[in-house]
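Residue-level structural notes
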Amino acid sequence: MHLTAPATRRTGIRDADGMAVAAFILGLVGLLVLNVFLGPIAIALAAAALWRRTARPGRAYLGLVLGIADLVVLVAFMQADSTISWSF
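Residues numbered from 1 in each chain as written. Predicted model: local features only at pLDDT ≥ 70, side-chain atom pairs only at ≥ 80, totals over all residues. Heavy atoms only, no water.

Examining the overall build of the protein chain
Note the following rule: Secondary structure is summarised from DSSP: a helix means a run of H or I of at least four residues, a strand means a run of E of at least two, and numbering begins at the N terminus for each. A simple rule labels every residue: compare its accessible area, found with a 1.4 Å probe on the protein chains alone, to the largest value its type can have, and call it buried under 20%, exposed over 50%, or partly exposed in between. A contact between two residues is defined here by any heavy atoms of the two lying within 4.5 Å. Method for areas: the Shrake-Rupley scheme with a 1.4 Å probe, in which residue coverage is limited to the protein chains shown.
Each helix and strand in the protein chain was counted, giving three helices and zero strands. What you see in the protein chain, going N to C, is helices and strands ordered as α-α-α. Going through the 88 residues of the protein chain one by one, you find that 25% of them count as buried. Long-range pairs, those at least 24 residues apart, make up 65% of the contacts in the protein chain with a sequence separation of at least 6. When the accessible surface of the protein chain is totalled, it reaches about 6,000 Å², and 71% of it is carbon and sulfur.

So, in structure tokens, the structure goes:
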């Protein structure tokens, strides 16, 4: 006996849309702070949103690109400072 209703297709799309938007926002914020954490999270959320066929693929791809840019910025500043972290 099922006590909960099965998830509908619309619920899955809405979840994927939320992941796409979250990936975009985390990738954008990650360019300024905590890019070592927010970059990989943005990449994972964007990939999950694309895998679930989000209705917002542009935002998901942008979140993916921004997540990668977070890591590139981190590496660039690490090279410039010769340290594991960076600051302004």
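So, the confidence of the model for the protein chain
What counts, and what does not: For every residue, the predictor reports its confidence as pLDDT, a number between 0 and 100.
On average, residues of the protein chain score 84 in pLDDT, and 78% of them are at 70 or above. Here helix 1 (residues 9-30) stands out as the element of the protein chain with the lowest mean pLDDT, 84, in contrast to helix 2 (residues 35-51), whose mean of 93 is the highest.

A look at the environment of V65
In this fold, V65 is placed in helix 3 (residues 57-81). For V65, a relative accessible area of 52% gives the class exposed. Remark: the alpha-carbon pair of V65 and G27, spanning 38 residues in sequence, is separated by 8.0 Å.

As for helix 3
Here is the rule: By this rule the span expected of a helix is its residue count minus one, scaled by 1.5 Å.
Look at helix 3: 36 Å from first C-alpha to last across 25 residues, which is about the 36 Å you get at 1.5 Å a residue. Among all positions of helix 3, only A60, G63, L66, G67, D70 and L74 are buried.

A word on unusual backbone geometry
The backbone of L34 shows a phi angle near 50°, a positive value even though the residue is not glycine. Residue L34 is classed as exposed on the basis of its relative accessible area of 53%. Although it is not a glycine, R53 sits at a positive phi angle of roughly 60°. Mapped onto the elements of the fold, R53 is located in the loop between helix 2 and helix 3.

Some remarks on helix 2
Threshold: Working note: the arc is built from the helix axis to C-beta atom directions.
The end-to-end C-alpha distance of helix 2 is 23 Å, a good match for the 24 Å that 17 residues give at a rise of 1.5 Å each. Listed as buried for helix 2 are N35, L38, G39, A42, A46 and A49. Buried residues in helix 2, looked at end-on, bunch into an arc of 105°, giving them a common side. For helix 2, the exposed residues set more than 90 degrees away from the buried face come down to F37 and W51. Residue R53 follows helix 2 closely and has a positive phi angle near 60°.

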